[in-house]
Amino acid sequence: MAGTIGIAAAGRQTGRLPPRSPHPTPSAEEVCGRPGRKRPLESAGLSPSGTGFPPPGPVLEASESVATGTTLVFSERSDIGRRRSSNQDSLAVAPPASPQQFRARGWLFLVADGMGAHVAGERASRIAAEQVPLVYEKNATRSPPWALRRGLEQANAEIHTRGRQQPEYQGMGTTCTALAILPRGALVCHVGDSRAYRLRGTRLDQLTRDHSAVWELETQGGLSREQAERTIGKNVITRSMGPHPRVDVDTEGPLAVEAGDVVLLCSDGLTGQVFDEEIGLFLKELSPREAGAALVGLTLVRGAPDNVTVIVARAGAEEASVSSAGEPAWHLDDDAPLPAAAPLPWRSLSIAAASLLVALVLAPWGDLVGTLPPAARLDRKSTRLNS
């Protein structure tokens, strides 16, 4: 895996990260050999996953798949880690069922990391993984950024309501990072400290900013990550879904997509143990299936104190962005105009109305009814009596 990966994250300078000396990076062969368990996509096209993950050993994985009419290849994996008693991470993948559906709403990927008592955290992340794709699909005729942001907002409202109404869910919350790939480009909606990355060539870009105290101290306070973690700790989240009735959702896009681009969505169980440069090297050198296995495997080698979940997707030629000067802008407002309805065929309707008028003039209504078969006349009479 020779070469240098350029790292760029929102609010950070681009450059080469130093090697992590206490944790040497194992080879791809060492970490890709971990046995996995395949899980086919559900018939509805969604694959939310949140509970019942096995203890360290087998992992949850969807085999690489290609949906009808697209050339994208993806792989998903989640592991409970080495120290947790349950997996509070959830994920969802919603592939398009047809080229028409790809044009309308594209691919959708989502990772959520629950917080709270283990039952509450699992439930919160599962609500996000179930509700966001459903709301996004339901609003497929609206602007994609509006529909996806609406999905996170409605999931937040449901999590908040459940937390207030049911004592066992009190205080539950979750992060949520959702990425859609459409013909116009990629779209990201995000709350919390799960992340979305894009690898293009040898450059790795972080597409999201962490809503965490460490991130704020690092980007605005001028501290290094190590200094910020010593000052305030690693796990202080400044924004999440569930604690409040409303949530601010970061929305980015459209971001141009090129053939060969690799995107990664992951929970902080990965980024807490693996450097960005290591992430970039695995994404560059390995297939989505192998990269997902290597990233999870490296996290486990380094102790995996938290659940770890990854989705790796590589765009093909048919996912490359296609823009047109005549396309309307994407709207984020609730009052954004809906797509114009197809015009009615007024000429044909006028001719039909005129023909009916002439028929009524030339033949009385009673004569027209009299020409109906007996059964039709009985049915018509019965309908009038019952009305």
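This write-up is about the structure you can find in this document. (Residues numbered from 1 in each chain as written. Predicted model: local features only at pLDDT ≥ 70, side-chain atom pairs only at ≥ 80, totals over all residues. Heavy atoms only, no water.)

Chemically, a disulfide is nothing more than a covalent bond linking the sulfur atoms of two cysteines. Overall, the coordinates contain zero disulfides when judged by the stated rule. No disulfide involves Cys176; its nearest neighbouring cysteine sulfur is the one of Cys189, lying 8.8 Å away. Since its relative accessible area comes to 0%, Cys176 is described here as buried. (Disulfide = S-S within 2.5 Å. Buried < 20%, exposed > 50% of the residue type's maximum accessible area, 1.4 Å probe, protein only.)

Leu110, Leu148, Leu152 and Met241 are the most contacted members of the largest nonpolar core, which totals 30 residues. Only strand S5 (89-94), strand S6 (107-115), helix H3 (118-138), helix H4 (144-165), strand S8 (176-182) and strand S9 (185-191) provide two or more residues apiece to this core. Filtering out sequence-adjacent residues up to four positions away, Leu148 remains in contact with Leu108, Val132, Tyr136, Ala178, Ala180, Leu187 and Cys189. In this structure, Leu199, Leu264, Leu286 and Val312 belong to the second largest nonpolar core, which totals 22 residues. (Core = buried A, V, L, I, M, F, W, Y, C linked by side-chain atoms within 4.5 Å. Helix = DSSP H or I, 4+ residues; strand = E, 2+ residues; numbered from the N terminus. Contact = heavy atoms within 4.5 Å.)

Consecutive side chains of a regular strand alternate in pointing toward one face of the sheet and then the other. Most of strand S14 (residues 308-314) sits out of view: six of its seven residues are buried. As paired strands, strand S13 (residues 262-266) and S14 are joined by five bridges and run antiparallel to one another. Its bridge partner being in S14, Leu265 is matched across the sheet by Ile311. (Pairing = 2+ DSSP bridges.)

What follows is about helix H9 (residues 288-301). In a regular helix each residue adds 1.5 Å, so 14 residues correspond to 20 Å; H9 covers 20 Å between its end C-alpha atoms and thus fits that length. Among the 14 residues in H9, 11 count as buried, and that is most of the element. Three or more residues of H9 are buried, namely Pro288, Ala291, Gly292, Ala293, Ala294, Leu295, Val296, Gly297, Leu298, Thr299 and Leu300. Where H9 ends, the next residue or the one after it, Gly303, has phi of about 110 degrees, a positive value. (Expected span 1.5 Å × (residues − 1).)

We now examine the pattern of salt bridges. Considering all chains together, one arrives at 14 salt bridges under this definition. With a shortest N-O distance of 3.6 Å, Glu153 and Arg149 are connected by a salt bridge. Of the two residues, Glu153 and Arg149 both sit in helix H4, four residues apart, roughly one turn of that helix. Measuring nitrogen to oxygen at the nearest pair gives 2.9 Å for the salt bridge that ties Glu278 to Arg302. Of this pair, Glu278 sits in helix H8 (residues 276-285) while Arg302 sits in the loop between H9 and S14, and the two are 24 residues apart along the sequence. Arg302 shares its class with Glu278; the two are buried. Among the charged side chains, a network of salt bridges with common partners joins Arg149, Arg150 and Glu153. (Salt bridge = Lys/Arg side-chain N within 4 Å of Asp/Glu carboxyl O.)

This brings us to the packing of aromatic side chains. Across all of its chains, the model carries three aromatic pairs by this definition. Aromatic pair Phe74 and Trp107: ring centres 5.7 Å apart, planes at 65 degrees, arrangement edge-to-face. Residue Phe74 is found in strand S4 (residues 73-79), and its partner Trp107 is found in strand S6; the two are separated by 33 residues along the sequence. Seen in terms of ring centroids, Trp107 and Phe109 are 5.6 Å apart; in terms of plane orientation they differ by 5 degrees. Their pairing is stacked. Grouping residues by exposure puts Trp107 and Phe109 together as buried. Each member of the aromatic cluster is reached from another via a ring pair, and the members are Phe74, Trp107 and Phe109. (Phe/Tyr/Trp six-rings, centres within 6.5 Å; stacked < 30°, edge-to-face > 60°.)

So, about the pairing of S6. Within S6, eight of the nine residues are buried, leaving the element largely enclosed by the surrounding structure. Both S6 and S8 contribute to a ladder of five bridges, which runs antiparallel. Within S8, the position partnered with Phe109 by the bridge is Leu179.

Mapped onto the secondary structure, Asp268 falls in helix H7 (residues 268-271). Salt bridges are absent for the buried Asp268, whose nearest opposite-charge side chain, Arg84, sits at 7.3 Å. Ignoring any residue separated from it by four or fewer positions in sequence, one finds Asp268 in contact with Asp113, Asp193, Asn235 and Asp306. (Lys, Arg positive; Asp, Glu negative; His and termini not counted.)

One can find Ser86 in the loop between S4 and S5. Taking the C-alpha atoms as reference points, Ser86 and Glu122, separated by 36 residues in sequence, lie 8.3 Å from one another. Here Glu122 takes part through its side chain, which lies 3.3 Å from a polar atom of the side chain of Ser86. (Polar contact = N/O pair within 3.5 Å; in protein donor to acceptor, adjacent residues only side chain to side chain.)

So far we have only geometry, and geometry alone does not tell us how the molecule works.
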